[in-house]
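Given next are the chains, with one letter for each unit.
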Amino acid sequence: MSIERLHTNRRMSRVVIHNNTVYLAGLVADEPVPEDAAAQTRSILERIDGFLAEAGSDKHHLLSATIWLSDMAHYDAMNSVWDAWVPEGHAPGRACVEAKLALPKYKVEIRVIAAVI
Amino acid sequence: MSIERLHTNRRMSRVVIHNNTVYLAGLVADEPVPEDAAAQTRSILERIDGFLAEAGSDKHHLLSATIWLSDMAHYDAMNSVWDAWVPEGHAPGRACVEAKLALPKYKVEIRVIAAVI
Amino acid sequence: MSIERLHTNRRMSRVVIHNNTVYLAGLVADEPVPEDAAAQTRSILERIDGFLAEAGSDKHHLLSATIWLSDMAHYDAMNSVWDAWVPEGHAPGRACVEAKLALPKYKVEIRVIAAVI
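Trainee: Please clarify how the overall build of chain A should be interpreted in this entry.
Mentor: Tallying secondary structure elements over chain A gives 2 helices and 6 strands in all. Mapped in sequence order, the helices and strands of chain A form the string β-β-β-α-β-α-β-β. Viewed in the frame of its principal axes, chain A has a C-alpha envelope of about 45 × 35 × 20 Å. Counting the 117 residues in chain A, one finds 52% classified as buried. Long-range contacts, defined as pairs at least 24 residues apart, comprise 73% of the intrachain contacts of chain A with a sequence gap of at least 6.

See below:
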């Protein structure tokens with residue numbers, strides 16, 4: 001049973017596929033808008049859409065999501081974007097907790113596991 | 001390979017089943033007893049028992065558990081309930097760290113992955 | 001589809017194997033060197049190597065890693081050891097966030113999911 005990796009560097013792969021399941025890395029926003037958790041969430045979910053497409057999956061096939069917020073004050077802003085993005089009837093298992101992230105400019109980090117179609 | 005989802009709303013599913021594996025959401029206590037991490041843990045583990053039963057699994061088939069405590073001071077109270085609940089010889093992989101949760105009334109959140117029988 | 005557990009006590013198993021996938025527990029350093037996140041990371045990665053070997057896997061088959069740091073100030077020290085340990089071209093999906101761990105002496109905790117070969 002093979003493993004496929006995409007966007008691999010010394011530290012991590014953004015995408016790892018094994019046994020019909022795709023594991024993404026924890027993703028932060030590209031060019032994060034300072035202090036705008038909604039915009040950062042939008043950027044992250046666009047990146048997830050792109051990586052899932054490369055893996056032969058999509059947001060209708062999410063299994064599990066972990067969301068880290070640098071401050072729980074961002075909960076509503078993140079959710080407003082998240083709730084609009086998740087396809088009705090296809091929401092994953094989810095956990096959302098507060099955690100300081102690698103750099104202060106990042107307010108949101110999301111990691112998902114999805115099924116390969 | 002199909003995906004089955006149970007207790008799905010706009011934001012998350014409590015239960016997602018794929019490839020003989022069930023992913024639960026991060027769960028907090030129903031009607032959390034204030035400041036009582038042991039009681040909250042009991043409530044969470046009852047919910048886990050119920051969701052696993054619906055998924056065709058049970059606590060003898062846990063693979064992995066993540067436990068978040070709002071304060072590491074709750075470690076012993078949570079463990080006293082956890083250790084009594086886990087069936088001897090069937091404990092999952094586990095990680096337990098401190099994290100601020102979505103609402104201050106929640107002291108414990110637990111997420112598990114289990115095998116479908 | 002069977003489950004195999006290794007190093008199981010009342011609270012957790014260090015290793016759980018199911019469906020060609022191995023789930024390790026969150027691991028901290030054995031005899032942690034105080035305040036030395038690089039040394040603690042080395043100890044953890046040695047433990048991971050050992051547990052993966054027992055599970056019929058190795059670090060070339062990592063799928064996903066979660067790294068918790070007690071203080072994001074340990075990020076570079078942890079990464080210096082992590083980057084040297086990960087086999088080129090085989091890095092897992094990874095997320096790294098700050099979280100208070102079970103005991104203050106622990107600066108790093110790592111949990112991995114890997115494929116059984």
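Text resumes after the structure shown.
Trainee: Just checking my understanding: could you explain the interface of chain B and chain C for this structure?
Mentor: A common measure of how large an interface is: the accessible area buried when the components associate. Contacts between chain B and chain C engage 24 residues on the former and 22 residues on the latter. Listing elements by their share of the side of chain B that touches chain C, those giving two or more residues are strand 4 (62–69), helix 2 (75–85) and strand 5 (93–98) of chain B. With 6 residues, the top contributor of residues to the side of chain B that touches chain C is strand 5 of chain B. Taken together, the residues of the side of chain B that touches chain C break down into 12 nonpolar, 8 polar and 4 charged.

Trainee: I'm lost on the packing of helix 1 (residues 37–54) of chain A against helix 2 (residues 75–85) of chain A in this one. Help?
Mentor: Axis angle and axis distance: for two packed helices, these are the angle between their axes and the distance between the axes, and together they describe the pair. All names here are of chain A. Where helix 1 contacts helix 2, the axes come no closer than 7 Å and their chain directions differ by 35 degrees. Helix 1 and helix 2 meet at a crossing whose hand is right-handed. Facing helix 1, whose interface residues are A37, A38, T41, R42 and L45, helix 2 presents A77, M78, S80, V81, W82 and W85. The residue makeup of the contact of helix 1 with helix 2, split by class, is 8 nonpolar, 2 polar and 1 charged.

Trainee: Please explain the pairing of strand 1 (residues 3–8) of chain A as it appears in this structure.
Mentor: Each regular strand displays side chains that alternate between the two surfaces of the sheet. Residues and elements named next belong to chain A. Note: strand 1 against strand 2 (residues 13–18), 5 bridges, orientation antiparallel. Considered in strand 2, the bridge of T8 is made with S13. If you look at the hairpin formed by strand 1 and strand 2, you'll find 4 residues sitting between the two strands.

Trainee: Which parts of the structure should I look at to understand the relation of the copies chain C and chain A?
Mentor: Comparison of the two chain copies shows a relationship of rotation about an axis with a shift along it. Screw-axis analysis of chain C against chain A gives a translation of 0.0 Å along the axis, an RMSD of 0.0 Å, and a rotation angle of 120 degrees. This pairing of chains is accounted for by a three-fold axis. For chain C, the minimum C-alpha distance to the rotation axis belongs to A99(C) and amounts to 3.7 Å. When the interface residues of chain C are mapped onto chain A, a mere 8% of them again lie at the interface, so each copy presents a different face.

Trainee: I keep staring at the interface of chain C and chain A and nothing clicks. Help me out?
Mentor: With 24 residues of chain C at the contact, the number on the chain A side is 22 residues. Counting only elements with at least two residues in the side of chain C that touches chain A, the list comes to strand 4 (62–69), helix 2 (75–85) and strand 5 (93–98) of chain C. Of the residues belonging to the side of chain C that touches chain A, the class tally is 12 nonpolar, 8 polar and 4 charged.

Trainee: Please clarify how the environment of V16(B) should be interpreted in this entry.
Mentor: If you trace the backbone, V16(B) turns up in strand 2 (residues 13–18). For the pair formed by V16(B) and I3(B), sequence separation is 13 residues and the distance between their alpha carbons is 7.0 Å. Setting aside residues no more than four positions away along its own chain, V16(B) makes contact with L63(A), S64(A), P92(A), G93(A), I3(B), R5(B) and Y23(B).

Trainee: How do you make sense of the sheet that holds strand 3 (residues 21–24) of chain B when you look at a structure like this?
Mentor: Two modes of strand pairing occur in sheets, parallel and antiparallel, and in both the strands are linked by backbone hydrogen bonds. Residue and element names in this part refer to chain B. The mixed open sheet is built from 6 strands, whose spatial order is 1-2-3-6-4-5. Every interior strand has two partners, whereas the edge strands, strand 1 (3–8) and strand 5, have only one. Strand-to-strand twist in this sheet, taken as the mean axis angle between neighbours without regard to direction, amounts to 10 degrees. Across the sheet, helix 1 (residues 37–54) is in contact with strand 1, strand 2, strand 3 and strand 6 (108–115); its angle to strand 6 comes to roughly 25 degrees.

Trainee: How should I be thinking about helix 1 of chain B in this particular structure?
Mentor: For an α-helix, 3.6 residues make a turn, and residues three or four places apart therefore share a direction. Residue and element names in this part refer to chain B. The terminal C-alpha atoms of helix 1, which comprises 18 residues, lie 26 Å apart, in line with the 26 Å expected from a rise of 1.5 Å per residue. Inspection of helix 1 places A37, Q40, T41, R42, S43, I44, L45, I48, F51 and L52 among the buried residues, and these make up the whole buried set. In this structure, the buried residues of helix 1 make contact with strand 2, strand 3, helix 2 and strand 6. Two residues or fewer past helix 1, G56 is found with a positive phi of approximately 80 degrees.

Trainee: I tried to follow the sheet that holds strand 6 (residues 108–115) of chain C on my own but got confused; where do I start?
Mentor: Residues and elements named next belong to chain C. In spatial order, the strands read 1-2-3-6-4-5; together these 6 strands make up an open sheet with mixed pairing. The strands lining the two open edges of the sheet, one partner per strand, are strand 1 (3–8) and strand 5. Across the sheet, the axes of successive neighbouring strands diverge by a mean angle of 10 degrees, strand direction being ignored. Bridge count between strand 2 (residues 13–18) and strand 3 (residues 21–24): 4 bridges; the pairing is antiparallel. Across the sheet, residue V15 finds its bridge partner in strand 3, namely L24. Packing against the sheet, helix 1 (residues 37–54) makes contact with strand 1, strand 2, strand 3 and strand 6, and its axis sits at approximately 25 degrees to strand 6.

Trainee: Got a minute to help me understand the nonpolar core in this structure?
Mentor: One recurring pattern in soluble globular proteins is that nonpolar side chains are buried together. Counting residues in hydrophobic clusters, the biggest one holds 117 residues, and the most contacted among them are L24(A), I48(A), L24(B), I48(B), L24(C) and I48(C). For I48(B), the contacting residues outside a window of four places in its chain are L24(B), L27(B), I110(B) and V112(B).

About the criteria used
Residue indices begin from 1 for each chain and proceed along its sequence in written order. Whichever chain is written first becomes A and whichever ligand is written first becomes 1, with later ones labelled in order. In view of the model being predicted, local features appear only for residues whose pLDDT reaches at least 70, and side-chain atom pairs are presented and counted only at 80 or more, with totals across whole chains, interfaces and linings using the full set of residues. Strands here mean DSSP runs of E at least two residues long; helices mean DSSP runs of H or I at least four residues long; both are numbered from the N terminus. A residue is called partly exposed when the number of other C-beta atoms within 10 Å of its own lies between 12 and 20, exposed at 12 or fewer, and buried at 20 or more, with C-beta atoms placed from the backbone. Any two residues are considered in contact once their C-beta atoms, placed from the backbone, lie within 7 Å. Throughout this entry, Asp, Glu, Lys and Arg are counted as charged residues, while Ala, Val, Leu, Ile, Met, Phe, Trp, Tyr, Cys and Pro are counted as nonpolar. The remaining residues, Gly among them, count as polar. Here the axes come from fitting lines to C-alpha atoms, over the contacting stretch only for helices, and the angles between their N-to-C directions go from 0 to 180 degrees. Handedness of a crossing is defined here by the sense of rotation of the near helix relative to the far one, left-handed for an anticlockwise turn of less than a right angle and right-handed for a clockwise turn. When DSSP locates at least two bridges between a pair of strands, those strands are taken to pair. A residue counts toward the fit only if its pLDDT is at least 70 in both copies, and the copies are then superposed by least squares on the C-alpha atoms of those residues. Between the first and last residue of a helix there are one fewer steps than residues, each counted as 1.5 Å, and that sum is the expected span. As used here, a nonpolar core is made of buried Ala, Val, Leu, Ile, Met, Phe, Trp, Tyr and Cys residues. They are joined through C-beta atoms within 7 Å.

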